[in-house]
Amino acid sequence: MRDTSVYVHFPWCAKKCPYCDFATRKIDVATLPHEAYADALLRELEVRRGALRGRRLTSVFFGGGTPSLWSGAALGRVLAAIRGAFEEESEALEITAESNPNSLTRARAAAFAEAGVGRLSLGVQSLDDARLRFLGRLHDRTEALTALGHAAAAVERVSADLMFGMPGQSADDLAREIDQLLEAGVRHVSAYALTIEPGTQFGELHRLGKLRVAEEEAYAQMFERAERAFEAAGFAHYEVSNYAQPGEEARHNLHYWRGGDYLGLGAAAVGCLSEADGGARRWKNTVDAGRYMEALGEEESETLGPQDRIREGLMLGLRMAEGVDGAALSARAGVDWRRGREAALARRLERGDVVLEGERLRVPRERWLLLDGIVADLF
Amino acid sequence: MAPLPGSCYLPARAPAAPRPEPTMSFPIDRIRNFSIIAHIDHGKSTLADRILDVTGAITQREQKEQLLDRMELEQERGITIKAQGVRLPFVAEDGVEYQLNLIDTPGHVDFSYEVSRSLAACEGALLVVDATQGVEAQTLANVYLALENDLEIIPVFNKIDLPSADVDRVKREVEEVIGLDVPEPILACSGKTGEGVKEVLEEIVKRVPPPRTAPEGKLRALIFDSWYDTYRGAMSMIRVVDGTVRKGDKIKMMSTGAEYEVTELGVYSPFPTHVDHLGPGEVGFFAGSIKSIEDTKVGDTVTLVHDRAEEPLAGFQEVKPMVFCGVFPTDSDQYGDLRDALEKLNLNDAAFFFEPETSDALGFGFRCGFLGLLHMEIIQERLEREYGIDLITTAPSVVYHVFLTDGSMVEVENPSRMPEIGEIDRIEEPYFAVSIHVPSEFVGPVIKLCQERRGEQTNMSYSSTDRVVISYDLPLAEVLFDFFDKLKSATKGYASMDYELKGYRANKLVRLDMLINGEKVDALSAIVHRDNAYHIGRSLAQKLKGIVPRQQYEVAIQAAIGSKIIARETVRALRKDVTAKCYGGDISRKRKLLQKQKEGKRRMKAVGSVDIPQAAFHAILKVDS
């Protein structure tokens with residue numbers, strides 16, 4: 001049985017945030033096609049059922065967009081169908097739904113829990129009203145804390161997203177926000193540096209010179225300060241942007257970073273399943289939600305060869321404190337991951353950018369801020 | 001320079017079945033040997049193709065578009081590096097069959113010696129001028145070479161199929177700028193459509209004199225091209241001046257005294273055809289189990305061992321490399337591959353020199369010598385393209401004559417090997433006499449550039465009312481440092497130039513060293529004039545600051561003369577280089593981004609713990625004087 005996770009994309013938001021480059025569209029919440037979208041997902045699941053043979057379900061993640069806009073009944077229908085489509089499921093099956101503080105009502109949280117969701121991930125982003133306005137969020141600090149309360153009342157595991165690296169934000173500011181967030185009872189935090197992506201509103205403003213971003217040094221200091229604050233509270237820095245209390249790591253995301261197979265369902269969802277020959281096929285569904293509901297279909301598809309799989313394995317695995325299991329990587333790709341990388345590996349080992357312990361390769365945490373260059377060298 | 005075995009345009013089959021040849025030599029008065037002189041892009045190769053068509057030498061379109069350019073590189077650069085001769089039977093209007101030998105010439109001043117030998121094999125030359133453009137300096141230089149060789153020059157105006165062609169204007173230019181009469185009929189043609197090409201051939205028959213020979217003279221044949229064939233050894237194109245060479249003859253190279261037996265004799269028409277002899281005036285190739293093209297030097301005279309000519313033909317020179325640079329494999333595992341590739345290239349190119357070099361910064365590699373910058377670029381590109389070796393090359397250097405206090409002289413072509421200041425009495429550097437042809441409006445910028453480059457004006461004259469020839473003596477080192485690009489941009493591309501070596505002169509030269517994190521990087525050292533050293537040092541340090549990517553630690557870049565630091569720049573440490581989010585939907589895009597980044601880093605060399613890109617080693621070339 002091959003462990004497989006499922007990602008379900010919910011492609012709508014009540015408002016598009018200026019920094020967001022995810023596949024999502026603004027919609028009048030009153031017109032959301034709750035059931036029609038669920039129907040389309042069930043049709044897709046039916047089409048892909050054959051590919052699920054011999055696979056064990058390990059996690060389901062409802063992402064978006066804003067899945068907390070969705071009715072609990074519709075989400076529940078989809079979740080039940082997914083679980084029914086697998087021959088086996090893991091004992092530690094993790095089911096997460098992303099939520100926005102302003103749409104996660106007490107009732108919605110309860111309905112999701114009722115449907116089987118055991119983990120809620122809230123897009124808090126900040127606990128400072130000025131920064132929330134800068135980020136174009138629909139909620140304020142009070143609403144965020146209220147929503148965290150609803151979440152904690154409904155499910156065991158609550159995670160929050162936090163952004164840093166806003167212009168004018170200091171490391172002290174960030175540390176204060178982290179402390180407040182932890183007081184609200186979250187067990188997991190994804191702390192992201194604000195990234196200006198082309199094609200977003202921020203991207204456009206930045207291109208025109210109208211948006212200031214934090215200096216590289218300020219980013220670095222915030223990153224390091226965040227780590228200290230979390231560690232002081234007993235949270236482990238287990239991935240570049242993720243912190244968790246022991247055992248509270250996002251199993252769905254760990255599965256991505258460990259190179260696991262995942263099925264994507266829904267408009268713009270991406271899936272990647274291993275094939276028998278050591279390669280894998282990755283595809284992206286039709287992005288337009290209307291067209292998706294009408295006819296399903298894939299937007300693009302690529303075949304990953306052994307070297308692509310090794311590169312991805314390194315790129316993802318080295319983001320984690322645990323690093324990459326080299327033996328597993330070689331086995332997955334069908335070739336020795338070290339071949340052709342001897343010189344770069346030796347160079348990076350010598351510089352202390354990577355550490356090799358038995359078969360396990362990892363980047364020490366003090367080098368995480370420079371991870372991309374290190375990984376690119378090993379490509 | 002000659003094609004690689006196998007890259008020749010000629011079909012890779014064995015020479016065609018020998019065709020019966022008359023035992024008598026072809027009547028000398030019906031032989032016409034000519035070459036084509038043209039500026040790059042003026043359509044030489046296309047015209048040559050058309051001539052082959054018109055004479056019926058090519059019956060099928062099995063050949064590449066540009067038949068006379070054998071190598072891919074040459075085609076890309078639009079220049080012919082290779083000299084070669086093709087025999088073309090041509091029945092003229094008078095009903096008589098003539099033997100035309102078209103001798104192609106290299107089109108760049110780096111190869112001017114080879115050009116001069118190719119021209120020496122001819123009695124006439126077509127001067128092909130693009131009727132939409134005009135006369136260029138390069139053309140002029142070759143016209144003068146042709147005049148020195150007493151060639152009959154026939155101006156031909158090409159590209160008349162283009163609407164912008166203006167034959168009258170360009171004809172005036174030929175008369176005014178070159179000072180050449182353009183007699184009737186005016187030859188205007190299109191290599192593209194073939195229009196006027198037949199008329200050009202008729203004029204060759206009428207105006208190019210037949211070869212002159214000493215009656216009953218002893219064999220003297222001029223080698224005007226050599227190349228290496230894997231199966232047959234060194235092969236040569238020859239023009240027989242006196243006497244006759246036969247298959248089986250014992251021959252002698254007059255410059256070296258080496259003796260061989262002619263095992264193979266033939267002509268290209270354009271496919272190789274065996275013949276059993278070549279008589280006076282004829283052009284063809286021979287092989288003789290000769291191991292190296294060192295033994296078949298261009299310009300040498302071939303004679304018979306047992307019936308030796310008294311005097312060799314005039315004009316032979318040993319060619320010497322003028323420009324040197326270090327060539328290192330990016331990946332030290334490729335050192336052996338690089339050596340093999342250099343050896344192979346050297347088989348075909350006696351003008352190219354190499355010897356092992358060790359650099360503290362770049363490891364094991366080779367010091368290579370070239371005829372000029374173009375020659376250097378060609379070799380470097382071939383190493384990368386044909387042999388698949390990623391190279392790091394150092395900035396080109398000239399050969400300095402360093403006179404030591406003990407009275408001896410050493411030749412130094414590697415700045416890092418310059419003796420210590422205390423041991424040096426004086427340093428002499430090579431000078432070029434440079435002629436720059438330019439429309440009069442650009443005289444100011446050209447003079448400014450030449451002055452900045454330590455030039456000394458020797459002459460300036462108007463070749464026509466609005467065209468000027470500016471002559472300067474310039475240190476060759478200054479010409480290597482981005483002079484062409486600067487000249488082009490200063491004159492909006494209108495300048496053309498020609499140059500030749502003009503001896504050595506003593507100057508106040510010093511070695512400028514660059515230090516990275518306190519350590520001297522030998523491959524970055526340069527010889528510069530003392531008066532400019534501070535400026536160049538500062539400017540180079542700034543340039544390097546922009547080139548050396550930020551690393552985990554601060555990197556100090558310093559310029560020094562001797563032990564004195566004259567400039568310092570700091571590359572700030574890289575603080576953040578990490579993607580914030582990477583989940584299922586982002587993976588492909590992120591992987592491709594990193595892959596691109598890796599590509600960009602391929603040409604970096606780790607010097608200590610600092611990654612230095614190839615561009616750093618050439619930064620000195622981009623420093624403004």
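Residues numbered from 1 in each chain as written. Chains lettered and ligands numbered in written order. Predicted model: local features only at pLDDT ≥ 70, side-chain atom pairs only at ≥ 80, totals over all residues. Heavy atoms only, no water.

Here we look at the nonpolar core
Line of reasoning, step 1. Grouped together as the largest cluster of nonpolar side chains are 126 residues, with contacts concentrated most on A:Phe62, A:Trp70, A:Ile82 and A:Leu120.
Line of reasoning, step 2. Per-domain counts for this core show at least three residues from each of domain 1 (2–255) and domain 2 (305–379) of chain A.
Line of reasoning, step 3. Filtering out sequence-adjacent residues up to four positions away, A:Phe62 remains in contact with A:Val8, A:Pro67, A:Trp70, A:Leu75, A:Val78, A:Leu79, A:Ile95, A:Thr96, A:Ala97 and A:Glu98.
Line of reasoning, step 4. Listed in part, the 88 residues of the second largest apolar core include B:Leu338, B:Phe352, B:Cys368 and B:Ile427. (Core = buried A, V, L, I, M, F, W, Y, C linked by side-chain atoms within 4.5 Å. Buried < 20%, exposed > 50% of the residue type's maximum accessible area, 1.4 Å probe, protein only. Domains from an automatic or database assignment. Contact = heavy atoms within 4.5 Å.)

Concerning the pairing of strand 22 (residues 409–412) of chain B
Residue and element names in this part refer to chain B.
Line of reasoning, step 1. Bridging between strand 21 (residues 400–404) and strand 22 involves four bridges; their strand directions are antiparallel. Following the sheet pairing, phenylalanine 403 is matched in strand 22 by methionine 409.
Line of reasoning, step 2. Adjacent in sequence and paired antiparallel, strand 21 and strand 22 are bridged by four residues, among which glycine 407 carries a positive phi angle near 90°. (Pairing = 2+ DSSP bridges. Helix = DSSP H or I, 4+ residues; strand = E, 2+ residues; numbered from the N terminus.)

Points about the packing of aromatic side chains
In this description, an aromatic ring pair is defined by two values, namely the gap between the centres and the angle between the planes.
Line of reasoning, step 1. If you walk through the whole model with that rule in mind, you get 25 aromatic pairs over all chains.
Line of reasoning, step 2. With 5.1 Å between their ring centres and 35° between their planes, A:Phe134 and A:Phe202 make a pair best called tilted. Placement of the pair is A:Phe134 in helix 4 (residues 129–134) and A:Phe202 in helix 7 (residues 201–207), with a sequence separation of 68 residues.
Line of reasoning, step 3. Overall, A:Phe202 belongs to the buried group, its relative accessible area being 4%.
Line of reasoning, step 4. Here the aromatic rings of B:Phe352 and B:Phe354 are separated by 5.9 Å at their centres, their planes lie at 20°, and the arrangement is stacked. The exposure classification of B:Phe352 matches that of B:Phe354, with both residues buried. (Phe/Tyr/Trp six-rings, centres within 6.5 Å; stacked < 30°, edge-to-face > 60°.)

Re the side chain of B:Asp586
Line of reasoning, step 1. When you line up the elements, B:Asp586 lands in the loop between strand 31 (564–571) and helix 13 (587–601).
Line of reasoning, step 2. The side chain of B:Asp586 is buried and forms no salt bridge, while B:Lys590, the nearest opposite charge, is found at 4.5 Å.
Line of reasoning, step 3. Sequence-distant contacts of B:Asp586, that is, excluding residues within four places in its chain, are made with A:Phe22 and B:Lys581. (Lys, Arg positive; Asp, Glu negative; His and termini not counted. Salt bridge = Lys/Arg side-chain N within 4 Å of Asp/Glu carboxyl O.)

Quick look at the sheet that holds strand 2 (residues 84–91) of chain B
Through backbone hydrogen bonds, the strands of a sheet pair up, either in parallel or in antiparallel fashion.
Residues and elements named next belong to chain B.
Line of reasoning, step 1. Ordered in space as 2-3-1-4-5-6, the six strands form an open sheet in which the pairing is mixed. Strand pairing shows two members of the sheet lacking a second neighbour, strand 2 and strand 6 (187–188), which therefore form its edges.
Line of reasoning, step 2. Summarising the sheet, strand 1 (residues 31–38) and strand 4 (residues 124–130) pair through five bridges and their orientation is parallel. Within the sheet, the bridge partner assigned to isoleucine 37 lies in strand 4 and is leucine 127.
Line of reasoning, step 3. Set on the sheet, helix 6 (residues 197–207) makes contact with strand 1, strand 2, strand 3 (97–104), strand 4, strand 5 (152–158) and strand 6; between it and strand 5 the angle comes to about 170°. (Axes fitted to C-alpha atoms, helices over the stretch in contact; angles between N-to-C directions.)

Here's the deal with the pattern of salt bridges
Between side chains of opposite charge, a pair can form when the charged atoms approach closely.
Line of reasoning, step 1. One pass over the structure, following the stated rule, counts 81 salt bridges over all chains.
Line of reasoning, step 2. Here A:Glu89 and A:Arg83 are joined by a salt bridge, their closest N and O atoms 2.6 Å apart.
Line of reasoning, step 3. You can call A:Glu89 partly exposed: its relative accessible area is 33%.
Line of reasoning, step 4. Of the charged contacts in the structure, one is a salt bridge between B:Asp531 and B:Lys508, with a shortest N-O distance of 3.9 Å. Taken as a pair, B:Asp531 in helix 12 (residues 530–547) and B:Lys508 in the loop between strand 26 (496–507) and strand 27 (509–516) lie far apart in primary sequence, 23 residues in all.
Line of reasoning, step 5. Classification of B:Lys508 by relative accessible area gives partly exposed; the value is 42%.
Line of reasoning, step 6. Among the ionic contacts, a cluster of salt bridges with common partners joins A:Arg282, A:Glu302, A:Asp308, A:Arg311, A:Glu312, B:Arg591 and B:Lys592.

Concerning the interface of chain A and chain B
Line of reasoning, step 1. Contacts between the two partners involve 46 residues from chain A, matched on the other side by 32 residues from chain B.
Line of reasoning, step 2. For the pairing of chain A and chain B, the buried interface totals around 3,400 Å² over both sides, and the portion due to carbon and sulfur atoms is 52%.
Line of reasoning, step 3. If you sort the residues of chain A by the area they bury against chain B, A:Glu216, A:Leu370 and A:Asp372 come out on top, with a joint share of 18%.
Line of reasoning, step 4. Here chain A is connected to chain B by 11 salt bridges.
Line of reasoning, step 5. Two residues, B:Lys598 and A:Asp377, come together in a salt bridge whose shortest N-O distance is 3.8 Å.
Line of reasoning, step 6. The interface formed by chain A and chain B includes 25 residue pairs in polar contact (both at pLDDT 80 or more).
Line of reasoning, step 7. Mapped onto the side of chain A that touches chain B, the elements with two or more residues apiece are strand 8 (188–193), helix 8 (216–232), helix 9 (251–257), strand 14 (298–304), helix 11 (306–317), helix 13 (342–350) and helix 14 (371–377) of chain A. (Buried area = accessible area lost by both parts, 1.4 Å probe. Polar contact = N/O pair within 3.5 Å; in protein donor to acceptor, adjacent residues only side chain to side chain.)

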